[in-house]
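Here is what each chain is made of, one letter per residue.
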Amino acid sequence: MTTEETTETTAGDVATVDRLLDDTTTWAVVGLSTNTARAAHGVARVLQHHGKRIVPVHPDAETVHGEQGYATLADIPFPVDVVDVFVRSDLAGDVADQAVAIGAKAVWFQLGVVDEDAAARVRAAGLDMVMDRCPAIELGRR
């Protein structure tokens, strides 16, 4: 396998990225708070602009961009399509496992968030997985 193939397989192929951007509605954004300096804040705004319902997931359960926040993924009382992960790589595996537990359709690890073992568990559970990519950048690519 070439380096390009390995990166493509690890990160999530373009078809998977495009399918998630086109065919999903509800995105739980783990790590989203009212802190406008954080990347999650701007990315969530871009997702909203592209018609996605964002669901802030943060221990403080703050309302962000007009959407009610929840302290954990398990607290969200409705189905979630994609769990978008804005936490450090060493915490991402736990979030991925929670995403599987709530029945999400996909997990998306943001730029710089890499956990190969978690990605393998997510895929083994039948979910789509994207890693080390940003949906706002991918939306701009299209």
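Residues numbered from 1 in each chain as written. Predicted model: local features only at pLDDT ≥ 70, side-chain atom pairs only at ≥ 80, totals over all residues. Heavy atoms only, no water.

Turning our eyes to something else, we now look at the sheet that holds strand 1 (residues 26-30). Overall, parallel pairing links the 5 strands, which are arranged 2-1-3-4-5 in an open sheet. This sheet does not close on itself; its edge strands, each paired only once, are strand 2 (53-57) and strand 5 (128-130). Ignoring strand direction, the axes of neighbouring strands in this sheet form an average angle of 20°. Pairing geometry for strand 4 (residues 106-109) and strand 5, over 3 bridges, is parallel. Residue pairing across strands places alanine 106 opposite aspartate 128, the latter belonging to strand 5. In the packing of helix 2 (residues 14-23) onto the sheet, the strands contacted are strand 1, strand 3 (82-85), strand 4 and strand 5, and the crossing angle to strand 5 comes to about 105°. Set on the sheet, helix 3 (residues 39-49) makes contact with strand 1, strand 2 and strand 3; between it and strand 2 the angle comes to about 155°. (Pairing = 2+ DSSP bridges. Helix = DSSP H or I, 4+ residues; strand = E, 2+ residues; numbered from the N terminus. Axes fitted to C-alpha atoms, helices over the stretch in contact; angles between N-to-C directions. Contact = heavy atoms within 4.5 Å.)

Attention now moves to unusual backbone geometry. Of note in this structure, alanine 61 is not a glycine but carries a positive phi near 50°. By secondary structure assignment, the location of alanine 61 is in the loop between strand 2 and strand 3. Even without being a glycine, aspartate 132 presents a positive backbone phi close to 60°. Along the chain, aspartate 132 turns up in the loop between strand 5 and helix 6 (135-141).

Turning our eyes to something else, we now look at helix 5 (residues 116-124). Within the sequence span of helix 5, burial applies to Ala118, Ala119 and Val122. Within helix 5, the buried residues cover an arc of 100° as seen down the axis, which keeps them to one side. Exposed side of helix 5, more than 90 degrees from the buried face: Asp117 and Ala124 are the residues found there. One side-chain oxygen at the N-terminal end of helix 5 lies 3.1 Å from the backbone nitrogen of aspartate 117; it belongs to aspartate 115. Just beyond helix 5, the residue with positive phi is glycine 126, at close to 90°. (Buried < 20%, exposed > 50% of the residue type's maximum accessible area, 1.4 Å probe, protein only. Arc of directions from axis to C-beta. Polar contact = N/O pair within 3.5 Å; in protein donor to acceptor, adjacent residues only side chain to side chain.)

Honestly, that's just the spatial picture; any functional story needs more than this.
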